[in-house]
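Next come the chains, spelled out residue by residue.
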Amino acid sequence: MSLWGITKPLSASLNWRNLIKLRDEFKQGMVYNLGKGEISFWHDPWIEGKALVELYPSACISDADIPKNTRVKDVWRRGNWNFPDPFDEVTEGMWNMIAEKHSIQADREDSISWNFIKNRMFTIKSAMNHIRPQFDEVSWWKVMWRTGCVPRHSFIAWLAVKNKLRTRDKLKRWGTIDIDDCMTGSIFKKVLRACLINREVANWRREWSWFSRKTMGKSILAKIRRIAFMCVIYNIWRARNMIIFEKEDITEAMVTAIIRQEVMLKMFSRRSKSLMFYQLYQNWQRVVGNSLQTSASDKLCTIMTTWKQLKWVMGSPVPL
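Keep in mind it's a predicted model, so treat the numbers as computed, not measured.

Rules used throughout
- Residues numbered from 1 in each chain as written.
- Predicted model: local features only at pLDDT ≥ 70, side-chain atom pairs only at ≥ 80, totals over all residues.
- Heavy atoms only, no water.
- Core = buried A, V, L, I, M, F, W, Y, C linked by side-chain atoms within 4.5 Å.
- Buried < 20%, exposed > 50% of the residue type's maximum accessible area, 1.4 Å probe, protein only.
- Helix = DSSP H or I, 4+ residues; strand = E, 2+ residues; numbered from the N terminus.
- Polar contact = N/O pair within 3.5 Å; in protein donor to acceptor, adjacent residues only side chain to side chain.
- Contact = heavy atoms within 4.5 Å.
- Patch = residues over 30% accessible without salt bridge, like charges linked within 9 Å, V, L, I, M, F, W, Y side chains within 5 Å.
- Areas by Shrake-Rupley, 256 points an atom, 1.4 Å probe, with all protein chains shown as cover.
- Salt bridge = Lys/Arg side-chain N within 4 Å of Asp/Glu carboxyl O.

Caption draft 1: The nonpolar core, seen in detail. W208, F229, M230, I259, V263 and W284 are the most contacted members of the largest nonpolar core, which totals 44 residues. Within the residue set of this core, elements represented by two or more residues are α7 (141-144), α8 (151-161), α10 (184-194), α11 (204-214), α12 (220-244), α13 (252-269) and α14 (275-288). Among the elements that make up this core, the one with the highest residue count is α12 (14 residues). Counting 27 residues, the second largest nonpolar core, distinct from the first, contains W4, L34, I61 and I66.

Below is the structure:
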């Protein structure tokens, strides 16, 4: 049975019915080249990109005396077309058109060209690119979806850049909370200094733009800046959820300690003997570590990390 002749019964699954709907999307890019005639006579688009049932919708297959599953080569005999006697004028015109414009080439195989790419060879990638919506490429995707980034950090950052997180300004507009104080600015300023960035904190969009342009390389500095940026977004989001929805007493120093621990663990896994790595490592210890005494910081990091892990393991719902 030809792909184009498959019907869509009511008992078919939803996935199968959706696949059938995609046939018309792909048909315009498929060009059939008639060879030995192994293709479907009625349903395959072998006549100038159209099937016979499309070109002659009023023709009755049963009256034409050629079954639905007939292949093109089945009506070819000794170098000529062997059509049944036409039942009506429509059928006669169909036979005449085929006889005048088409013939079987017994010395070559049937072929299908894929017109959506230059080499005319079908690929899953080209088919996917054809059916999915096309958008302009954004610069920030390389910041979050790079090797070495923590997946959960990248996911929350992606929601943030798409403006889909329930941040405090949104919650206040919706009437969920009455306060709008924020710890983001002071924490982010410390992280900027630890990443050897000497400037003031900008607004949300400008920060994304800056990191998209300045962290594209493969150097240790670019990698640590990307990791730190994702880590700040994730941990501030987690801290806000715990404060607002779970009424936990989370301070700025505690969040800073968690960020410091996670970034320095990532740095340790990428340790090198370069001067830049040594400078970054010392800077993170000095700048971010000043928010708490070392012993207290390590203790809080241990408590908070254990608490978070228990929350994830126990499946406690975390609002997005």
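Caption draft 2: Quick peek at the side chain of S40. Along the chain, the position of S40 falls in the loop between β1 (30-33) and α3 (52-55). According to the relative accessible area criterion, S40 is buried, its value standing at 9%. Separated by 3.3 Å, the side chain of S40 and the backbone nitrogen of H43 make a polar contact. With residues near it in sequence (within four places) discarded, S40 still touches S2, W46, K68, T70, R71 and V72.

Caption draft 3: Spatial organisation of a nonpolar patch on the surface. A cluster of nonpolar side chains, V138, W141, W145, F155 and W158, forms an exposed patch at the surface whose accessible area comes to about 450 Å². In this structure, W145 sits in the loop between α7 and α8. Overall, the relative accessible area of 43% leaves W145 in the partly exposed class.

Caption draft 4: Region of interest: α10. Restricting attention to buried positions, one finds in α10 the residues I187, F188, K190, V191, L192 and A194. Positive backbone phi, approximately 60°, marks L196, located one or two places after α10.

Caption draft 5: Structural detail: the pattern of salt bridges. Tallied over the full model, the rule gives 7 salt bridges. K73 is the salt-bridge partner of E38, the closest N and O atoms lying 2.8 Å from each other. Taken as a pair, E38 in the loop between β1 and α3 and K73 in the loop between α4 (61-64) and β2 (76-77) lie far apart in primary sequence, 35 residues in all. With relative accessibility at 29%, the residue K73 sits in the partly exposed group. Of the charged contacts in the structure, one is a salt bridge between E252 and K190, with a shortest N-O distance of 3.3 Å. Of this pair, E252 sits in helix α13 while K190 sits in helix α10, and the two are 62 residues apart along the sequence. Taking relative accessible area as the criterion, E252 reaches 27% and is therefore assigned partly exposed.

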